[in-house]
Structures are given as structure tokens and as C-alpha cells.
Amino acid sequence: MTMNFFNPVTTQTWTNGRHHVRCVKIIQETFDVRTFCFMAEQPVMFFFKPGQFVTLELEIDTQPIMRSYTISSSPSVPYSFSITVKQVPGGHVSNWLHANLKVGDELVVHGPVGNFNSIDFPAEKVLFLSGGVGITPLMSMTRWFFDTNANVDVEFIHSARAPRDVIYHRELVHMFSRIPEFKLHIVCEKKDDIGEAWAGYRGFLTQPMLELMAPDFLEREIFCCGPTPYMNAIKAILRANNYDMDHYHEESFGATPMDVQEDVLELAEQAEVAAEQAEPEDLINIEFAQSNKSVRIQPGETVHAAAAKLGLHIPKACGMGICGTCRVELKSGEVEMEHNGGITDEDIEEGYILSCCSKPKGDLVVDF
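Keep in mind that what you see is a predicted model, and the values were worked out from it rather than measured.

A. Main features of unusual backbone geometry. The step from G111 to P112 runs through a cis peptide bond, and the omega angle for that step is 5°. Among the structural elements, P112 can be located in strand β8 (residues 106–113). Positive phi, normally seen in glycine, also occurs at T62, with a value near 65°. Its relative accessible area of 63% is what places T62 among the exposed residues.

B. How the structure looks around the nonpolar core. Core analysis: the biggest nonpolar cluster contains 24 residues, and W14, F38, L56, F81, I83 and L97 have the highest contact counts within it. At the level of secondary structure, the elements contributing two or more residues to this core comprise β2 (17–30), β3 (33–39), β5 (53–60), β6 (63–70), β7 (81–86), α1 (92–100) and β8. Residues contacting W14, with those up to four places away along its chain left out, are H19, V44, M45, F46, F47, F48, V54, I71, F81, V109, G111 and P112. L312, I343, I353 and C356 belong to the second largest nonpolar core, which has 22 residues in total.

C. Spotlight on the environment of E350. Secondary-structure assignment places E350 in the loop between α8 (345–349) and β19 (352–354). For E350, a relative accessible area of 54% corresponds to the exposed category.

D. Seen up close, the pattern of salt bridges. Counted by the stated rule, this structure contains 13 salt bridges. Ionic pairing is found between R143 and E171, a salt bridge with its closest N-O pair at 2.7 Å. Separated by 28 residues along the polypeptide, R143 in helix α2 (residues 135–147) and E171 in helix α3 (residues 169–178) bring together distant segments of the chain. Residue classification places R143 among the buried positions, given a relative accessible area of 14%. Relative accessible area serves as the criterion here: at 31%, E171 is assigned to the partly exposed category. A salt bridge links E155 to R220; the shortest N-O distance between them is 3.9 Å.

E. Quick look at the pairing of β6. The sheet contact formed by β5 and β6 spans eight bridges and is antiparallel. Looking at β6, one finds that F53 is bridged to T70. From the end of β5 to the start of β6, which pair antiparallel, there are two residues, and D61 there has a positive phi angle of about 55°.

F. The sheet that holds strand β11 (residues 182–188), seen in detail. Reading across the sheet, the six strands line up as β12-β11-β10-β9-β13-β14 and stay open at both edges, with parallel pairing between neighbours. Since the sheet does not close on itself, it has two edges, and those belong to β12 (201–202) and β14 (248–251), each with one partner. Most of the contacts of α2 go to strand β9 (residues 125–131), to which it runs at about 145°, and overall it touches β9, β10 (153–160), β11 and β13 (221–225). The strands touched by helix α5 (residues 228–240) are β9, β10, β13 and β14; relative to β14, the strand with the most contacts, the crossing angle is about 170°.

G. Seen up close, the packing of α2 against α3. As a packed pair, α2 and α3 sit with axes 11 Å apart at the nearest point and diverge in direction by 35°. As for the relative orientation of α2 and α3, their crossing is left-handed in sense. The residues of α3 that touch α2, namely those facing I135, M139, T142, R143 and F146, are E171, L172, H174, M175, F176 and R178. When grouped by side-chain class, the residues that make up the contact of α2 with α3 number six nonpolar, two polar and three charged.

H. Main features of a negative patch on the surface. A contiguous patch of negative charge, built from D345, E346, E349 and E350, is present on the exposed surface. You can see E346 is positioned in helix α8.

How each quantity is defined
- Residues numbered from 1 in each chain as written.
- Predicted model: local features only at pLDDT ≥ 70, side-chain atom pairs only at ≥ 80, totals over all residues.
- Heavy atoms only, no water.
- Helix = DSSP H or I, 4+ residues; strand = E, 2+ residues; numbered from the N terminus.
- Buried < 20%, exposed > 50% of the residue type's maximum accessible area, 1.4 Å probe, protein only.
- Core = buried A, V, L, I, M, F, W, Y, C linked by side-chain atoms within 4.5 Å.
- Contact = heavy atoms within 4.5 Å.
- Salt bridge = Lys/Arg side-chain N within 4 Å of Asp/Glu carboxyl O.
- Pairing = 2+ DSSP bridges.
- Axes fitted to C-alpha atoms, helices over the stretch in contact; angles between N-to-C directions.
- Left-handed = near helix turned anticlockwise from the far one by under 90°.
- Nonpolar A, V, L, I, M, F, W, Y, C, P; charged D, E, K, R; others polar.
- Patch = residues over 30% accessible without salt bridge, like charges linked within 9 Å, V, L, I, M, F, W, Y side chains within 5 Å.
- Areas by Shrake-Rupley, 256 points an atom, 1.4 Å probe, with all protein chains shown as cover.
- Lys, Arg positive; Asp, Glu negative; His and termini not counted.
- Charge placed at Lys NZ, Arg CZ, Asp CG, Glu CD.

Take a look at the structure:
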């Protein structure tokens, strides 16, 4: 590496979009968790808000697959970024990454995006609550606070199955041993079969435990990430104590809930009926400029659905306006876009939309 790598004139800054990166390091955190570290071939300053995520663009068994992962590193180390992946039994992408991704491999990422971050919700006192691999966005925030000497009082409570499953354990102990305002608490859920010495909290996190660890939890800004049952239990405790939920923030990625799947099926049936009843003059024309294709769709259908009808594959991961993968440029026309943080105000001003959650108000021309 030459000093030119650090030349601010030639160094680019990371912005939300599609980027080619190379895996430069793999760290075995626990027996089933690995951290994958990435850099760009040309020097890039990876600036993002701690807690945000990227979406990997992969090809597995000849099929294109998108999957979102939280950035676990801190923007205070700007020339690389990392994701931490737990190998899930039956997990198609996590198992593939553990088995196949090697140092030197290149792939494409989209992002960074996400409303779950510590920059947009500044506070003097915060409480981090994490379960399992849900620790990753909170680790990014903690590393940022530590590296920048932030004047923040941090209570960090992490739940794991057993001591051997605590991700980043040694690094957490190191950071929290050096700053009096940082306090770390670890709960091991297994009570009887931990299989190793453990003098800390055991079982599932309860209100009495929470009161012992963070007696002033009702006064803190709370960031929570973990399995859905874990987060539901936390919210139940907070609501039972009349906590102001405007100061509660959570992040999760997982399987689509059954009730949402049922809603989707019902909406699909309704759409079929509506299609049969639609008048030709009510249909909206969507033109895809690069592909030189167009299609007429019903009011209420998304731009992404229009592309699919033409056999055009706009990359998509979450389908809910979170990940930002399906971003396209709108050349003309207007849309109604209900996103969940997957696109910035700057991108919108420049004419970009998220195709998965954008419904045309009239005829459109899309640059795809």
C-alpha cells in the first residue's frame, strides 16, 4: 500500500448505491459466527451511520439472491467495513457465505441505508439491548462512541445462549474496562447446561434483572435488536412501566410473519379481481427506457411489479422500502412512495425512487 491510498484528492466517499468490494479478512468470532471484512479495489471512505446496513448481491446455484446484513464495524475506521454473519441451520445465504466466501473474493453490495442508527437519535444516556447476533448494529454504535470519545453514558445488556456464544466478548470487555461511563452486562439464557464456568446472570432477561443492571432505564434512549420474541418481551416490560416509546428504537431481519403472508395472498386475490374489472382508460403506462419496453398496469401496482411483468429483474431484497436495493431513477412522471428509510432525501431530490414501494400517479418513464 502506498501513501497515495490516503490521498484525499483521489479517495472517494461511499454513497448509497451499488458498489464492488473485495473480502480482505475473515474473523471466527464464535463457533458459528464469522465477521467478513471488505474494502474497495480503489480507495473509498466508507462513511455511514452506526447501525445502518448493506445488502449483498450474490449468485447462489446460478440464482441471483439479495440479503441484508448490518454493518458491525464503525465509520471511525473508514477504509473498510465489516458484516458479522451467524450460520443458521437451513439458512441458505448464511451457510453459503460460511462455506464459500474467501479472502480475495469480490462481490457487489448496495447501501448503506437504514433509520436504525445512533446519529439520528442523539442522547446523553443510552441503553443497548441485544440478543444473539442482534448485537451487530449495537456493536457498531459502541465502537463509534469508544473511538470518538463520545460523552455518552452507555448501559449495554446482551443476552446469549452460553458464554461461548457471546460475540465480540473480549473486545467488549476491553472497551468497557477503559471508560467508566460504559457498563456491560451479559445474560446467559441456558441455566443448567452451560457447560462452563459462569458467575453472571442466567435465564431470560426480566424486569428485576433490568432494574438491577440499569435502574434508570426509563430515562434512557433505548436501542434494541434481536429475535422477535426477545424484542416483544422488552417492549412489554417498557410499556408496563409507561416508558415513552418515542425513545425506543429497534431493528430486526427475519422470516416474513405468517399474518403478513396471509395479507399478501389476500391482496393478490383482490388484485386479480380488480384486473378483470379494470377499464382500459384507467391503466397506467410504465416505460423502461434502457430496456426499451413498456407495460400498462392498474392504479395501485408498484413500479417493481410493472418490471416483473416484462421479465425485467430489478434487484430487490426486503420488498418493504428498507434495504434500498431496488433503487431506480425516475426520468418523468410522479409516484407515491412509502418507504422505511431505504432512500435518502438527497436521492429523492435527484430523482431516484424505490421501485418496490413506489406506486405511479400517472404514466412514467423509468431509467432501467
